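An overview of the molecular structure
These are the residues of each chain, in order.
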Amino acid sequence: MSHVKRLVLIGNGMAGMRTIEHILKLSTEAYEITVFGEEPHPNYNRIMLSSVLAGGVELSDIVINDWDWYTENNIKLYTGDPVTSIDSVGKKVISASGIEVAYDILIMATGSNPFMLPLPGANKEGVIGFRNIKDCQIMMDTSKTYKKAAVIGGGLLGLEAARGLLNLGMDVNVIHIHKYLMDRQLDQSASLMLQHDLEQQGMKFLLEKHTASIVGRRRVQGLTFADGGEIEADLVIMAVGITPNVELAKRTGLKVNRGIVVNDYMETSIPGIYAVGECAEHRGIAYGLVAPLYEQGAVLAKRLAGTVTAGYAGSVTSTKLKVSGVDVFSAGYFNDKPGMRSLRFQDEIDGIYKKIVIQDNRLVGAVLFGDITDGAPLFSLIKSGESIEGREKELLLGFSTGKAGESLASKLGKMADDEIICGCNGVTKGTIAEAIGNGCSSVAEIKMCTKATGSCGGCKPQVEALLQLYAGDTIGEPVKEGICGCTSLGRDEIVESMKAMHLMSVKEVMNVLEWREPEGCSKCRPALNYYLGMLYPAEYKDEKESRFANERYHANIQKDGTYSVIPRIYGGVTSPAELKKIATVAEKYDVPLVKFTGGQRLDLFGVKKEDLPGIWEELDMPSGHGYGKALRTVKTCVGNTFCRFGTQDAIGMGIRLEKAFERINTPAKVKLAVSGCPRNCAEATVKDLGVVAIDGGWELYVGGNAGVKVRASEFLCVVKTEDEVVEWTSAYLQYYRENANWNERTANWIERVGLESIIKALENAEDRQALMGRIEETLSYSKDPWKDIINNDDLRKNFHTLSGVETVNS
Ligand SMILES: Cc1cc2nc3c(=O)[nH]c(=O)nc-3n(C[C@H](O)[C@H](O)[C@H](O)COP(=O)(O)OP(=O)(O)OC[C@H]3O[C@@H](n4cnc5c(N)ncnc54)[C@H](O)[C@@H]3O)c2cc1C
Ligand SMILES: NC(=O)c1ccc[n+]([C@@H]2O[C@H](COP(=O)([O-])OP(=O)(O)OC[C@H]3O[C@@H](n4cnc5c(N)ncnc54)[C@H](O)[C@@H]3O)[C@@H](O)[C@H]2O)c1
Ligand code: SF4
Ligand code: FES
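Figured I'd write up the structure that's included with this text. As the structure is a prediction and not an experimental result, all values here were calculated from the model.

1. Quick look at the site of ligand 2
Near ligand 2, the surroundings consist of 21 residues, among which Glu-160, Asp-183, Arg-184, Gly-241 and Lys-320 are the closest. Note that an oxygen atom of ligand 2 is positioned 3.3 Å from one of the backbone N or O atoms of Leu-156. The contact in question runs from an oxygen atom of ligand 2 to an N or O atom on the side chain of Arg-184, over 2.5 Å. Coverage of ligand 2 by the protein amounts to 86% of the 840 Å² it exposes when considered alone. Considering each element in turn, the shell around ligand 2 owes the most residues, three residues, to helix H5 (residues 156–167). Looking at side-chain class alone, the shell around ligand 2 contains ten nonpolar, six polar and five charged residues.

Below, the structure written as structure tokens:
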């Protein structure tokens, strides 16, 4: 009797999951797949952590496959639960939490660990590597309190970390053991030019320095060096290389050198167990960049799907530094060795350096600084190993004869179709041209079709140039980006079309506006649902299936799959009776944790999905919307009710605002606060809208945020009465609802459109009244979502099965 084979993947990272994606494409349903991940997240783009740290990219933007993707593909995912042992005889894995899963095929993709120098004091608080979301979060949090950072290691990772920390406002010293930065990728000339440019950006370097110890009490306070020197540091990032994560493999008895030894088909020394990614060692090499790991994944997937493959033969690698303002590329051999010749070009005026390394008339290496447009074609030549005899100087001076000022699109036009444009994903110019020919008209669409630009993003300029070349008006305007890969239309065009054609459902919008993906995606479906609800509050029926899980269940999904429930406590003011009720419910349902939130609410953590309706019913309190893109909380200080400094009734004002705007859907979450005097105990100036009492009136501030990027709010207006506070707040919130992009916080919106334009839209009393009328109309249709479910037998019965798009929500 044949049974579906059970495939277990250990490591929910970039290489392992790319392998699974390939397998799903090659042979759907051939395997019953289980994935274990040590990190408490779905699969994300580790490469982009540098961009998250540098700012401009949110953690939610770097998810590759969200939670729903696993469900949709019938993959059982255990996160935050590492596999701790493998029984290779009984063919099963056991996780830290005790889960046992049997396998027929086991893939190990456990990645690497940062190499932590075993220095005295290395275990102090504030000493970390830079490898995962947690490290990234620690750096972002630390920068809010501390100012002095030291990065040990001036390689790719160290420099990208240093740039991010500078952007976070820290003072950064990079300590490098070698005389030249990026000594594993660059020659001396390129390295010196790089150092110069980074110093101009504010980075400081201590070169040829051997760190001797890390000093401080519990937390790091500084570093000492072998030459007797020392510096102060409140945060130390070790970026001195990585070591394959092979402990589990060793315990299992797999053959391990530096990495888990694999053959050309990624088979380890034990039949049925494969290894892929940074943890694997192939022909003596454990790679540390995604391109070779993705190649390995493609080979392994073919092998497991029973497709013919020649096997993996090893890779030549190329790297680009992801630091804005400096362009650095390196591939193959970058320093001359006996038997090699090199040609160099250095332009100190424009800061350009090029070097190509040749052996036996073949290109074996290249280093580019300042202008890296020739990186892709040079890398193709290195990989192809073809003779470049007689073309050496042409290659050095500009690949495609490179006339001064020649556009990138024109250069790319001269390239052969089989040249690689996206190094990370091995995507050729021909493949991208074909995707454009098949109708892809934006970078996002090309990413969806080909994966190009989906990893480090370094090939985006080339892909944009190809779009200009093949989809633009000859070489005209760049093709604009849509709200997601399913469309090339932007938010305003979509909303205008909805109005003009009176489109009334998500499906209709996608049909009429010719969506590329008929079902849409997790970016556009919730956005369309929001825009339709905003335009037609009376007629539009909210589509549950276009909402994130948090919003479907009206509770926040937690990392272990349980939910957290926050009842509404207006203005943060409760009563003994209310507290008793919450306590009774928490006891009855065995709620493991009851905690105050930053917004002065009580949060019940660890609630099972099936208990949600019962808990809501027994609490008999309105939903606090702690999960939604809606008004979350109005935080208040005690105001003149008890405080001797208070000039106004902050509590009363806060409760009035919360009662007025609870249940309003907004493009992104909205938090308010009211302080009773300028001492501002309710922290009103880091809220989406903050109200601060003054003598005889109130000041209103907007666009504040205390999240990853702290932003102080900006002064909007001063008013005398509580009624005026409500009027301005109504108008401001409705103007935000009508004009911001879905998922755009007020802080980002105001930065994008400018406070001036908002003041202009609100300064006229008639306009304010009109906006207030529209928000009141919308509010008149809103109902408490918990009551809605509890009182509807059908909804309550089918509560478990509410499905929709997936959660990367905060
Ligand atoms: C900040 C940063 C920037 C980078 N930039 C680039 C770049 O620009 N270009 C480039 O090519 N590469 C870059 N890299 C390297 C690239 O991210 C890695 O090569 C790639 O992620 C390796 O993939 P992997 O799947 O082998 O390992 P990982 O992505 O690390 O995945 C391994 C996963 O396995 C999990 N795991 C480990 N042990 C267990 C266990 N016992 N049970 C369950 N799960 C386990 C780990 O927690 C991890 O989530 C960068 C790396 C970092 C940290
Ligand atoms: N843009 C990219 O492609 C990119 C970005 C980040 C990370 N990565 C990858 O992540 C991995 C880790 O990166 P990395 O920069 O840590 O590794 P790396 O090996 O590239 O660089 C480490 C650097 O640390 C220096 N060093 C070693 N010991 C030291 C010491 N005691 N004190 C000071 N300096 C010391 C080395 O000279 C070397 O230049 C690599 O595989 C890298 O390819 C790639
Ligand atoms: S903000 Fe002013 S009124 Fe409110 S608690 Fe602080 S000091 Fe008192
Ligand atoms: S080169 Fe990295 S995503 Fe294309």
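2. Looking at a negative patch on the surface
A grouping of Glu-756, Glu-763, Glu-766 and Asp-767 is seen on the molecular surface, where their side chains present a negatively charged patch. Secondary-structure assignment places Glu-763 in the loop between helix H24 (755–762) and helix H25 (765–780).

3. Section: the pattern of salt bridges
Taken as a whole and judged by the stated rule, the model has 36 salt bridges. Glu-125 serves as the salt-bridge partner of Arg-218, at 2.4 Å between the closest nitrogen and oxygen. On the criterion of sequence distance, the pair formed by Arg-218 in the loop between strand E13 (211–216) and strand E14 (220–225) and Glu-125 in the loop between strand E8 (112–114) and strand E9 (127–128) is long-range, its members being 93 residues apart. Across the pair Lys-355 and Asp-187 runs a salt bridge whose closest N-O atoms are separated by 3.4 Å. Placement of the pair is Lys-355 in strand E24 (residues 352–359) and Asp-187 in the loop between strand E11 (171–175) and helix H6 (188–200), with a sequence separation of 168 residues. This pair shows no difference in class: Lys-355 is buried, exactly as Asp-187 is. One salt-bridge network, held together by shared partners, links Arg-568, Arg-601, Glu-658 and Glu-662.

4. Considering the nonpolar core
Ile-86, Val-93 and Ile-107 are the most contacted members of the largest nonpolar core, which totals 50 residues. Once you skip the residues sitting within four places of it in the chain, Val-93 turns out to touch Val-8, Ile-10, Phe-36, Val-83, Ser-85, Ile-86, Ile-99, Glu-100, Val-101, Tyr-103 and Leu-106. Listed in part, the 44 residues of the second largest apolar core include Ala-673, Val-674, Trp-698 and Val-719.

5. Concerning the site of ligand 3
Surveying the vicinity of ligand 3 reveals the residues Cys-637, Val-638, Gly-639, Cys-643, Phe-645, Gly-646, Gly-676, Cys-677, Arg-679, Asn-680 and Cys-681. Tallied by class, residues from the shell around ligand 3 come to six nonpolar, four polar and one charged.

Thresholds applied
- Residues numbered from 1 in each chain as written.
- Chains lettered and ligands numbered in written order.
- Predicted model: local features only at pLDDT ≥ 70, side-chain atom pairs only at ≥ 80, totals over all residues.
- Heavy atoms only, no water.
- Near = heavy atom within 4 Å.
- Polar contact = N/O pair within 3.5 Å; in protein donor to acceptor, adjacent residues only side chain to side chain.
- Areas by Shrake-Rupley, 256 points an atom, 1.4 Å probe, with all protein chains shown as cover.
- Helix = DSSP H or I, 4+ residues; strand = E, 2+ residues; numbered from the N terminus.
- Nonpolar A, V, L, I, M, F, W, Y, C, P; charged D, E, K, R; others polar.
- Patch = residues over 30% accessible without salt bridge, like charges linked within 9 Å, V, L, I, M, F, W, Y side chains within 5 Å.
- Salt bridge = Lys/Arg side-chain N within 4 Å of Asp/Glu carboxyl O.
- Lys, Arg positive; Asp, Glu negative; His and termini not counted.
- Charge placed at Lys NZ, Arg CZ, Asp CG, Glu CD.
- Buried < 20%, exposed > 50% of the residue type's maximum accessible area, 1.4 Å probe, protein only.
- Core = buried A, V, L, I, M, F, W, Y, C linked by side-chain atoms within 4.5 Å.
- Contact = heavy atoms within 4.5 Å.

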